[in-house]
Amino acid sequence: MSDLLERLRGRGWRLTAQRRVVAEVLDGDHIHLTADEVLARATSRLPEISRATVYNTLGELVTLGEVIEVATDGRAKRYDPNAHHPHQHLVCSGCGAIRDVHPGGDPLAALPDSERFGFTVSDVEVTYRGLCPDCA
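Computed from a prediction, not measured in an experiment: that's the story for all the values here. (Residues numbered from 1 in each chain as written. Predicted model: local features only at pLDDT ≥ 70, side-chain atom pairs only at ≥ 80, totals over all residues. Heavy atoms only, no water.)

**Things to note about the packing of helix α3 (residues 35–45) against helix α4 (residues 51–64)**
Then step 1. Close contact between α3 and α4 brings their axes to 10 Å; oriented N to C, the two are set at 125 degrees. In terms of axis orientation, α3 runs oblique to α4. Like other packed secondary-structure pairs, α3 and α4 cross with a definite hand, here right-handed. Every residue of α4 that contacts α3 at A35, D36, V38, L39 and A42 is listed here: R51, V54, Y55 and L58.
Then step 2. Residue composition of the contact of α3 with α4, grouped by class: seven nonpolar, no polar and two charged. (Axes fitted to C-alpha atoms, helices over the stretch in contact; angles between N-to-C directions. Helix = DSSP H or I, 4+ residues; strand = E, 2+ residues; numbered from the N terminus. Parallel < 35°, antiparallel > 145°, perpendicular 65-115°, else oblique. Left-handed = near helix turned anticlockwise from the far one by under 90°. Contact = heavy atoms within 4.5 Å. Nonpolar A, V, L, I, M, F, W, Y, C, P; charged D, E, K, R; others polar.)

Laid out in structure tokens, this is it:
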């Protein structure tokens, strides 16, 4: 069983056939699919699943904190199931491919106290941009 499915079961989330298929489609280390990509993959497994069900399920997963919604450069939002594994993203400026990366060190340490302007920082998001090997 996938990590995402295990987490959802542990929360007591009702796993209908449709919800299960969406969760299975999202399973993986470097999965960053758009809602339409999730729909296409889910439909190939369960032809009767509707667009509304896929979009609603994605919204619920984001609200639950089990999936991260990733928006980059005005492109379609992508959905990342690695919500409980701290990581950053590497984004191709050409094709929009996204990979999870795990740089060493604390990204918060790069922000000196003088640049925090009194904020109590609770989260850091870093996005690395460049060209993937196919676009380079």
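Further notes follow.
**A short note on the environment of V25**
Then step 1. Mapped onto the fold, V25 is located in helix α2 (residues 17–26).
Then step 2. Judged by its relative accessible area of 4%, V25 is buried.
Then step 3. When neighbours within four sequence positions are excluded, V25 is seen to be in contact with I31, L33, V38, R41, A42 and R45. (Buried < 20%, exposed > 50% of the residue type's maximum accessible area, 1.4 Å probe, protein only.)

**A look at the sheet that holds strand β6 (residues 127–130)**
Then step 1. With respect to topology, three strands assemble into an open sheet ordered β5-β4-β6, the strand pairing being mixed. A strand with exactly one partner marks an edge of an open sheet, and here the two such strands are β5 (98–101) and β6. On average, each strand axis in the sheet is inclined to that of its neighbour by 25 degrees, with strand direction left out of account.
Then step 2. Relative to β6, strand β4 (residues 88–92) is paired through four bridges, and the arrangement is parallel. Counterpart to L90 in the pairing with β6 is Y128. (Pairing = 2+ DSSP bridges.)

**Remarks on the pattern of salt bridges**
Then step 1. Under the definition given, this model contains 10 salt bridges.
Then step 2. In this structure, R7 engages E66 in a salt bridge whose closest nitrogen and oxygen atoms are separated by 2.5 Å. Here R7 is found in helix α1 (residues 3–10), whereas its partner E66 is found in the loop between α4 and β2 (68–70), with 59 residues between them in sequence.
Then step 3. Since its relative accessible area comes to 14%, R7 is described here as buried.
Then step 4. Taking the shortest distance from any N to any O, the salt bridge between E24 and R20 comes out at 3.0 Å. Within this pair, E24 and its partner R20 are both found in helix α2, separated by four residues, close to a single helical turn.
Then step 5. Connected through shared salt-bridge partners, D3, R7, R11 and E66 make up one network. (Salt bridge = Lys/Arg side-chain N within 4 Å of Asp/Glu carboxyl O.)

These figures come from the coordinates and say nothing about function on their own.
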